[in-house]
Amino acid sequence: NNNLFHPTYRKHETRLPEYKNDYGEEGTKKDNTIEILNKLSRPAYNKQEDKLQFRKIVDLLRVVTNELELELEIPHDLKTITVHLHNKSLPIEALGTGIHELLILATRAVFENNSIVCIEEPELHFHPEIQRQLVRFLFEKTSNQYFITTHSAHIMDAVPCTIHRIFLDNGK
């Protein structure tokens, strides 16, 4: 049983030199979204069921973005995630922060099973409809338990949930 925490700022760490100036220093912790997606999209002969997890991630991106033709591909050099859309192929680095966050959260939620997942303020880079679709996906299509800190009524109203108010009382 794993426990995961997803901080407020979630962005794919670039491995492409042409995007280093845009991304700056991301720190020492490596984002392994590429490796997870590669493993799921091209599984070993005895792990073919992993393809279903990859399809689930792509389906989430399609539904939430309302781009039903969207496809993901992991190039052989594992330097980026290629997004195919509208007859174009772009590295994930060329897309907005909301797509980065959505892909990171969807990948972790699908890859982990029966885990406790803490997500801090997912609404920061998401349109209200994307917030609702993301929470519905997490609720309906994954086996994890989620603790989400939020101020968004769209997230709180998307699915049946228990809401807790947390506050400081004398510094505690």
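Quick caveat, the model's predicted, so the values are computed rather than measured. (Residues numbered from 1 in each chain as written. Predicted model: local features only at pLDDT ≥ 70, side-chain atom pairs only at ≥ 80, totals over all residues. Heavy atoms only, no water.)

Student: Mind showing me how you'd approach the pairing of strand 6 (residues 145–149) here?
Tutor: Put simply, side chains in a regular strand alternate between the two faces of the sheet. Examined bridge by bridge, strand 5 (residues 116–120) and strand 6 share five bridges and lie parallel to one another. Each bridged residue has a counterpart across the sheet, and for C118 the counterpart in strand 6 is F147. (Pairing = 2+ DSSP bridges. Helix = DSSP H or I, 4+ residues; strand = E, 2+ residues; numbered from the N terminus.)

Student: Just to check I follow, could you spell out the pattern of salt bridges for this structure?
Tutor: When charged atoms on two side chains of opposite charge get close, those side chains can pair. Inspection of the entire model under this criterion finds four salt bridges. Residue E35 pairs with R15 through a salt bridge whose shortest N-O separation is 2.8 Å. Here E35, found in helix 2 (residues 33–41), pairs with R15, found in the loop between strand 1 (3–6) and helix 1 (20–23); they are 20 residues apart in sequence, far enough to count as distant. Taking the shortest distance from any N to any O, the salt bridge between R55 and E71 comes out at 3.4 Å. Within this pair, whereas R55 is found in helix 3 (residues 50–65), its partner E71 is found in strand 2 (residues 71–73), the two being separated by 16 residues in sequence. Look at E71 and you get partly exposed, because its relative accessible area is 26%. (Salt bridge = Lys/Arg side-chain N within 4 Å of Asp/Glu carboxyl O. Buried < 20%, exposed > 50% of the residue type's maximum accessible area, 1.4 Å probe, protein only.)

Student: Looking at this structure, how should I read the environment of K56?
Tutor: Within the element layout of this structure, K56 appears in helix 3. In the structure, K56 is positioned 81 residues away from F137 in sequence and 9.5 Å away in space, judged by C-alpha atoms. The residues contacting K56, other than those within four sequence positions of it, are V110, F137 and K141. (Contact = heavy atoms within 4.5 Å.)

Student: I keep staring at the pairing of strand 4 (residues 88–91) and nothing clicks. Help me out?
Tutor: One ladder, built from four bridges, connects strand 3 (residues 82–85) with strand 4; its direction is antiparallel. Bridging across to strand 4, H84 finds its partner in S89.

Student: Which parts of the structure should I look at to understand the environment of I163?
Tutor: Topologically, I163 is positioned in the segment after helix 6 (153–156). A sequence separation of 14 residues divides I163 from T149, and the C-alpha atoms of the two residues are 9.8 Å apart.

Student: Would you take a moment to explain the side chain of T82 for this structure?
Tutor: Structurally, T82 can be placed in strand 3. With relative accessibility at 13%, the residue T82 sits in the buried group.

Student: I'm lost on the nonpolar core in this one. Help?
Tutor: One recurring pattern in soluble globular proteins: nonpolar side chains tend to sit buried together. Counting residues in hydrophobic clusters, the biggest one holds 29 residues, and the most contacted among them are L72, I81 and L103. Looking at this core, the elements that each hand over two or more residues are helix 2, helix 3, helix 4 (97–111), strand 5 and helix 5 (128–141). Apart from residues lying up to four places away in sequence, L103 is in contact with T33, L37, I57, L61, L72, I81 and I92. (Core = buried A, V, L, I, M, F, W, Y, C linked by side-chain atoms within 4.5 Å.)

Student: Explain the environment of T162 here, please?
Tutor: With respect to the helices and strands, T162 occurs in the segment after helix 6. What makes T162 exposed here is its relative accessible area of 63%. Distance from T162 to F147, taken between C-alpha atoms, is 9.7 Å for residues 15 residues apart in sequence.

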